[in-house]
Amino acid sequence: MDILISGASVAGPALALMLTRYGFRVTIVERAPGPRDGGYAVDFRGRAHLRVLREMGVLAAIEREQTNMGAMWNVNESGKKLVKMPDDIFAGDVEILRGDLARILYEATRGETEYVFGDSIASLDEDAHGVAVTFERGPTRRFDLVVGADGLHSAVRRLAFGPEERYASYLGLYNAVFTTPNHLNLDHTGLSLSLPRGRMAATYSARGNREAKAVFSFGSEPLTYDRHDVEQQRRILTDVFSDAGWIVPRLLADLREADDLYFDSISQIRLDHWSRGRVVLLGDAAWCASPLSGMGTGLAAVGAYVLAGELATAGFPEAFARYEQIMRPYVAGAQKSAEGVAGFMVPKTRVMTHLMNLSYRLLPYLPWKGAMARSIRRTAEAVSLPDYPAAPVPRRRPSDRAS
């Protein structure tokens, strides 16, 4: 079968990695001109995540690039360390920058997968034998199946299921992350500042302390802005944090030059079905649990593994139903874990900030100090993965092309 995947971040290449090993012919179309760097540190935790990475053959490469982060600290506006935040809550068994993970998956798939960069899907026309796909720039092509792995604002979901507004649930926060110099000479650690009116600014070291990441979060009513207008997003962040102290002014100065800014709402996606005919959704396009779940990347990898395994063993259309049957309870648990976290992660008042700091300060002395970490791990392991057959050797080695 010829399968088109929209999206070259994590879910799409992870799926392509398994599909090509089962003998499927795979094309990935990506709006960006090439593999995208940037983004958060993401983690995998528990037996299910590690098993999937091991069977994909990328666990060793991920371990070589892992962040090896220690504890995070909450500070005041003078930079004084106030509270040490447990590292087992924020990092899993292995943690890696999203950009490094995307690069590993791209390198693992580029030999057997056709990548089309600088283009996107404009329309889908399905019939009994396949899907005619019209692209924004390239010629129309036909595929047996189409997979939307193109994130929270999925174009495939919009074309096949309808407007995003039907399925998106905003959790009240906006998040931004970009790369900066390691101004504070942080050594495998990070610092965060909680501010009034539901705001948080943080920085943590990255890539062997050679650079750092700046992270901003703030509560807000839904904003109206252009997702492709980076300058407008820079202005929003600058306005929201213009009165903040500590290192925030320096980070906002770095923001003016940053070329990897990620800015978006923290939202979830909820659909009754993840497939329609020959079109199926994967990862954030299907179920975005939001960054507050700490499970987005793990869910994407597990979902890719299950969808590929079911297509190889059950075939279309049964594979889509079996994929949903396995993944839906797992996704529901991850989405539930994110609900209510926003108010705790980014307190809206000084009183709430004080209570959060107090809870962290007392946590080491409480009998349930490991409860949060254990709860997160239980959620990550709450899936029973079938034993799919070993994947054979890939059959072809196409090269990348730009439209």
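Each remark here, short or long, concerns the structure printed above.
Residues numbered from 1 in each chain as written. Predicted model: local features only at pLDDT ≥ 70, side-chain atom pairs only at ≥ 80, totals over all residues. Heavy atoms only, no water.

Considerations on the overall build of the chain
Next up, step 1: The secondary structure content of the chain amounts to 14 helices and 19 strands.
Next up, step 2: Taking all 403 residues of the chain together, the buried fraction comes to 55%.
Next up, step 3: Across the chain, the fraction of contacts at a sequence separation of at least 24, relative to all contacts at a separation of at least 6, is 73%.
Next up, step 4: If you sum the accessible surface of the chain, you get close to 17700 Å²; carbon and sulfur atoms cover 51% of it. (Helix = DSSP H or I, 4+ residues; strand = E, 2+ residues; numbered from the N terminus. Buried < 20%, exposed > 50% of the residue type's maximum accessible area, 1.4 Å probe, protein only. Contact = heavy atoms within 4.5 Å. Areas by Shrake-Rupley, 256 points an atom, 1.4 Å probe, with all protein chains shown as cover.)

Here's the deal with a nonpolar patch on the surface
Next up, step 1: A cluster of nonpolar side chains, contributed by Val351, Met352, Leu355 and Leu358, occupies part of the molecular surface with about 340 Å² of accessible area.
Next up, step 2: Within the element layout of this structure, Leu358 appears in helix α13 (residues 350-362).
Next up, step 3: Given a relative accessible area of 31%, Leu358 falls into the partly exposed group. (Patch = residues over 30% accessible without salt bridge, like charges linked within 9 Å, V, L, I, M, F, W, Y side chains within 5 Å. Salt bridge = Lys/Arg side-chain N within 4 Å of Asp/Glu carboxyl O.)

Section: helix α5 (residues 98-109)
Next up, step 1: Under the 1.5 Å per step criterion, the end-to-end length of α5 is 17 Å for twelve residues, consistent within 8% with the ideal 16 Å.
Next up, step 2: Of all twelve residues making up α5, nine are buried, and the element is well covered by its neighbours.
Next up, step 3: Summarising the contacts, the buried residues of α5 are in contact with α1 (11-21), β3 (41-44), α3 (59-64), β6 (94-97), β7 (114-117) and α10 (296-313). (Expected span 1.5 Å × (residues − 1).)

With respect to the environment of Val10
Next up, step 1: Secondary-structure assignment places Val10 in the loop between β1 (2-6) and α1.
Next up, step 2: Taking C-alpha positions, Val10 is 7.2 Å from Leu105, a pair spaced 95 residues apart along the chain.
Next up, step 3: Residues contacting Val10, with those up to four places away along its chain left out, are Arg98, Leu101, Leu105, Thr297 and Ala300.

Focus on the sheet that holds strand β9 (residues 130-135)
Next up, step 1: Strand order in the open sheet formed by three strands is β8-β9-β10, with antiparallel pairing between adjacent strands. On the outer flanks of this sheet lie β8 (121-127) and β10 (141-143), each paired with one strand and no other. Adjacent strand axes in the sheet meet at a mean angle of 30 degrees when their direction is disregarded.
Next up, step 2: Sheet topology places β8 next to β9; six bridges connect them, and they run antiparallel. (Pairing = 2+ DSSP bridges. Axes fitted to C-alpha atoms, helices over the stretch in contact; angles between N-to-C directions.)

So, the packing of α1 against α5
In helix packing, the relevant descriptors are the interaxial angle and the interaxial distance, both defined with respect to the helix axes.
Next up, step 1: The contact between α1 and α5 brings their axes to 9 Å, and the two run at 30 degrees. As far as their axial angle goes, α5 and α1 are roughly parallel. Crossing of α1 over α5 shows left-handed handedness. On α5, the residues touching Pro13, Ala14, Ala16 and Leu17 of α1 are Leu105, Ala108 and Thr109.
Next up, step 2: Grouping the constituent residues of the contact of α1 with α5 by class yields six nonpolar, one polar and no charged. (Parallel < 35°, antiparallel > 145°, perpendicular 65-115°, else oblique. Left-handed = near helix turned anticlockwise from the far one by under 90°. Nonpolar A, V, L, I, M, F, W, Y, C, P; charged D, E, K, R; others polar.)

Some remarks on the packing of aromatic side chains
Next up, step 1: Counted according to the given criterion, the structure contains 18 aromatic pairs.
Next up, step 2: Plain terms: the ring middles of Tyr174 and Phe263 are 5.8 Å apart, the flat faces sit at 15 degrees to each other, and that makes the pair stacked. Here the residue Tyr174 occupies a position in strand β12 (residues 168-180), and Phe263 occupies one in strand β16 (residues 262-269), the gap between them amounting to 89 residues. Neither residue differs from the other here; Tyr174 and Phe263 are each classed as buried.
Next up, step 3: In textbook terms, an aromatic cluster arises when at least three aromatic residues are bridged by ring pairs, as seen for Tyr170, Tyr174, Phe178, Phe216, Phe218, Tyr225, Phe241 and Phe263.
Next up, step 4: The ring of Trp274 has Arg328 lying over it, and the distance from NZ or CZ to the ring centre is 4.3 Å. (Phe/Tyr/Trp six-rings, centres within 6.5 Å; stacked < 30°, edge-to-face > 60°. Lys NZ or Arg CZ within 6 Å of the ring centre and 35° of its normal.)

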